[in-house]
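Notes for the structure review
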Amino acid sequence: MSLSVKHLLGIRDLTRQDIELIFQTADQLKEVLQRPIKKVPTLRDTTIVNVFFENSTRTRISFELAEKRLGADVVNFSASGSSVSKGETLIDTVNNILSMKVDMVVMRHSATGAPHFLSKHINVPIVNAGDGINEHPTQALLDAFSIREKLGGVEGKKVAICGDIMHSRVALSNIYCLKKLGAEVTVVGPPTLIPKHIAQALDVNVSYDIKEALAWCDVANVLRIQLERQNMPLFSSLREYSLAYGVNRQLLDSLQKEIVIMHPGPINRGVELSSDVADSGQSIILDQVENGVATRMAVLYLLARKEPVFN
Amino acid sequence: MLKHFVLKSILTDRQLAITIDRLSHQLVENHLEFKDTVLIGLQPRGIYLSDRIYHNLKKLLPGTHIAYGKLDITFYRDDYKSDKGLQAPNETDINFSVENKRVVLIDDVLYTGRTIRSAMDAMLDFGRPAAVELLVLIDRRFSRELPIQSDYTGKTIDAIITERVKVLWKERDGKDEVVLIA
């Protein structure tokens, strides 16, 4: 019993068996988190560094809690305030950290492919906590885990991923993960925010009509507009985006059924999602955050075995 | 059903039932009303024994509430980094505190004692018990790697290191039997 990979760089590299193994492990770790003492000693001889070259609230705290609750020692590194600003390279930075006897790296980077590049130059397991516009694998795992928990399974479920598909690593990882688990996926958003040929490349449905997509789906995963990654205007204003693609109570009430609402956070309230929807009973946004710790614990548990890792 | 060669039968289905009955009576002898006693079966294979004992006790003591849980020790093992490979975790289901309780840990085979060591670690995360006892179906004596002994024993056997004791359960393996395999 083990994963088919040495690193978690993306859902693209995982098999369906890998994902199911992570979920089965996460089920039991979630129980640990309900105990009076929410901690097990499994990784007490493991030191993990969280290397964050990009801002994060949830992912970083979630990883740190996951590491601590598995008994690991944790070091945090953020690019701001470090010697990166003095011109140190990525490999040098990480190798310097590793020479202080660190056993595992969790990394977020604004450059697409940064963890893949790093994995060719260091020999400890790497967990990708988000790389540019490529993948955010642990987010996709916790999203699918939350769907499985809420609806009893992922196979055959219809999931609409709404918003900025073009710049969202959450969208790409979610598509890979959901497709591997047998779900149907529709991406919906303005044409400028949906990559060309995505329907053929990733075998998803494409819609430009939010109401049509919501009427079709069981679950809507609503994404944030990634303004920090857009270097040209792709829609006229946030207000207009919100009017055309925002998910609000009126829109949901016009459907003939109750769908599950998800959001990976951070929410821009009133833009992609209205407050009354985000805080309603059909939203599982905070369950997603809770499940993030258990799924990340499962990933770390399954990758952290002290075997020599060679590339 | 078994990939291994069966050397001999240690307990037949009838002997197994009698042994489990005896162990249940011994528990009643020492714990009477089970007021401050909790039973904890160890995953994955100890729970079949603990299920049988729990149902026996319900029959012996009708109307008595007996606290019963199942404990998985995967995350407490001392061989996580060894060559044995990763273990798949099983369900832990303990919906009570063991604080000041008399805990009876139940497992099928006592061999090196390492599982019980892990189980005691795991159990302590649910409180500080007043006392802990160990009940096992089979005790492989002279093979302990830790100073751990059982308080209730179904049968004590001698087996060499290359042999394995396998407890078969009707619910899982299709028949009740304890066998020595190689």
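Starting from 1, residues in each chain are numbered consecutively following that chain's sequence as written. Each chain takes a letter, starting from A, and each ligand takes a number, starting from 1, following the order in which they are written. The predicted origin of the model limits local features to residues at a pLDDT of at least 70 and limits the giving and counting of side-chain atom pairs to 80 or more, whereas totals for whole chains, interfaces and linings rest on all residues.

Considering the overall build of chain A
Rules: Numbering of helices and strands runs from the N terminus; a helix is a DSSP stretch of H or I covering at least four residues, while a strand is a stretch of E covering at least two. For a compact globule the rule gives 2.2 Å times the number of residues to the power 0.38, and the radius of gyration it is set against comes from C-alpha atoms. Partly exposed residues are those whose C-beta has more than 12 but fewer than 20 other C-beta atoms within 10 Å; 20 or more makes a residue buried and 12 or fewer makes it exposed, with C-beta atoms placed from the backbone. Contact between two residues is assigned whenever their backbone-derived C-beta positions fall within 7 Å.
Looking only at helices and strands, chain A features 12 helices and 9 strands. In terms of overall dimensions, chain A is globule-like: its C-alpha atoms have a radius of gyration of 19 Å, near the 19 Å expected for 311 residues. Dimensions of chain A, computed from C-alpha atoms along their principal axes, come out at roughly 55 × 45 × 35 Å. A buried classification covers 46% of the 311 residues belonging to chain A. Looking at chain A alone, contacts between residues at least 24 apart form 76% of all its contacts between residues at least 6 apart.

Some points on the overall build of chain B
Assigned secondary structure in chain B consists of 4 helices and 8 strands. For chain B, the N- to C-terminal ordering of α and β elements is β-α-β-α-β-β-α-β-β-β-α-β. In terms of C-alpha radius of gyration, chain B reaches 16 Å, essentially the compact-globule figure of 16 Å for 182 residues. Each of the three principal axes of chain B carries a C-alpha extent, and together these read 45 × 40 × 30 Å. Relative to its full complement of 182 residues, chain B shows a buried share of 38%. Contacts spanning at least 24 positions in sequence make up 71% of the contacts within chain B whose residues lie at least 6 apart.

Structural notes on the nonpolar core
What counts is decided by this rule: Linking buried Ala, Val, Leu, Ile, Met, Phe, Trp, Tyr and Cys residues through C-beta atoms within 7 Å yields a set, and such a set is a nonpolar core. Domain limits in this description derive from either an automatic procedure or a database domain assignment.
Counting 133 residues, the largest nonpolar core has Ile161(A), Cys162(A), Ala220(A) and Leu105(B) as the members making the most contacts within it. Looking at this core element by element, the count peaks at 9 residues for helix H12 (residues 285-303) of chain A. Counting the residues that make up this core, at least three belong to each of domain 1 (11-135 + 290-303) and domain 2 (137-285) of chain A. Not counting chain neighbours up to four residues away, the residues in contact with Ala220(A) comprise Ala160(A), Cys162(A), Leu214(A), Val247(A), Ile259(A), Ile261(A) and Met262(A).

Observations regarding the sheet that holds strand S4 (residues 102-110) of chain B
Residue and element names in this part refer to chain B. Note the threshold: When DSSP finds two or more bridges between two strands, those strands count as paired. Here the axes come from fitting lines to C-alpha atoms, over the contacting stretch only for helices, and the angles between their N-to-C directions go from 0 to 180 degrees.
The 5 strands are arranged S3-S2-S4-S5-S6 in an open sheet whose pairing can be described as parallel. With one partner strand each, in any of the chains shown, strand S3 (67-71) and strand S6 (152-157) form the two edges of the open sheet. The mean angle between the axes of side-by-side strands here comes to 25°, regardless of whether they run parallel or antiparallel. Of the strand pairs in this sheet, S4 and strand S5 (residues 131-140) are connected by 8 bridges, and their pairing is parallel. Counterpart to valine 103 in the pairing with S5 is valine 132. Of the strands in this sheet, strand S2 (37-42), S3, S4 and S5 are in contact with helix H2 (residues 46-60), which crosses S2 at around 145°.

Let's talk about helix H2 (residues 58-69) of chain A
Residues and elements named next belong to chain A. We apply this condition: Here the expected length of a helix is defined as 1.5 Å per residue gap, with one fewer gap than residues.
Between its first and last C-alpha atoms H2 spans 16 Å; for 12 residues at 1.5 Å apiece the expected length is 16 Å, and the two agree. Taken residue by residue, H2 has Thr59, Ser62, Phe63, Ala66, Glu67 and Arg69 as its buried positions. Tucked into the core, H2 has its buried residues touching strand S1 (47-52), strand S2 (73-78), strand S3 (104-109), strand S4 (126-131) and H12.

Some thoughts on the environment of Val247(A)
Residue and element names in this part refer to chain A. Its place among the elements puts valine 247 in the loop between helix H9 (238-245) and helix H10 (249-253). On the basis of neighbour counts, which here come to 25 C-beta atoms within 10 Å, the residue valine 247 falls in the buried class. Once the C-alpha coordinates of valine 247 and valine 222 are considered, the two residues, 25 residues apart in sequence, prove to be 7.9 Å apart. Apart from residues no more than four positions distant in its own chain, valine 247 is found in contact with Cys162, Ala220, Val222, Leu252, Ile261, Glu272, Leu273, Ser274 and Val277.

Observations concerning the packing of helix H5 (residues 137-151) of chain A against H12(A)
All names here are of chain A. This is how the line gets drawn: Should the near helix be turned anticlockwise from the far one by less than a right angle, the crossing is termed left-handed; should it be turned clockwise, right-handed. Polar here means any residue outside two lists: the nonpolar Ala, Val, Leu, Ile, Met, Phe, Trp, Tyr, Cys and Pro, and the charged Asp, Glu, Lys and Arg; Gly therefore counts as polar.
Look at H5 against H12: their axes get within 8 Å of each other, and the N-to-C directions meet at 115°. Handedness of the H5/H12 crossing: right-handed. Along the contact surface, H5 presents Thr138, Leu141, Leu142, Asp143, Phe145, Ser146 and Glu149, while H12 presents Asp287, Gln288, Asn291, Gly292, Thr295, Arg296 and Val299. Class assignment for the residues of the contact of H5 with H12 results in 4 nonpolar, 6 polar and 4 charged.

A few points about the sheet that holds strand S7 (residues 205-207) of chain A
All names here are of chain A. Pairing is parallel in the open sheet, where 5 strands are placed in the order S7-S6-S5-S8-S9. Here the strands that pair on one side only, and so sit at the sheet edges, are S7 and strand S9 (260-262). Taken over all neighbouring pairs, the strand axes of this sheet differ in orientation by 20° on average, direction set aside.

Notes on the domain arrangement of chain A
All names here are of chain A. Parsing chain A into structural domains produces domain 1 (11-135 + 290-303) and domain 2 (137-285). The C-alpha-based centres of domain 1 and domain 2 are spaced at 25 Å. Counting from both sides, the interface comprises 22 residues of domain 1 and, opposite them, 20 residues of domain 2. Grouping the constituent residues of the side of domain 1 that touches domain 2 by class yields 8 nonpolar, 8 polar and 6 charged.

A closer look at unusual backbone geometry
Here the residue pair Gly265(A) and Pro266(A) is connected by a cis peptide bond, since its omega of -10° sits within 30 degrees of zero. For Pro266(A), the position within the fold is in the loop between S9 and helix H11 (275-278). In this structure, Pro44(B) follows Gln43(B) across a cis peptide bond, with omega equal to 0°. Along the polypeptide, Pro44(B) turns up in the loop between S2 and H2.

Here we look at the environment of Asp18(A)
Residues and elements named next belong to chain A. Within the secondary structure layout, aspartate 18 lies in helix H1 (residues 16-32). We classify aspartate 18 as buried; it has 20 C-beta atoms within 10 Å. Leave out the neighbours within four places in its chain, and aspartate 18 touches Leu3, Ser4 and Val5.

Thoughts on the packing of H5(A) against helix H6 (residues 169-180) of chain A
Residues and elements named next belong to chain A. Definition in use: Here the word oblique covers every angle except those under 35 degrees (roughly parallel), over 145 (roughly antiparallel) and from 65 to 115 (roughly perpendicular).
Closest axis-to-axis distance for the H5/H6 pair is 8 Å, and the angle between their directions is 50°. In terms of orientation, H5 lies oblique with respect to H6. Note on packing geometry: the crossing formed by H5 with H6 is right-handed. Between H5 and H6, the residues in contact are Pro137, Gln139, Ala140, Leu141, Asp143 and Ala144 and Val170, Ser173, Asn174, Tyr176, Cys177 and Leu178, respectively. The residue makeup of the contact of H5 with H6, split by class, is 8 nonpolar, 3 polar and 1 charged.

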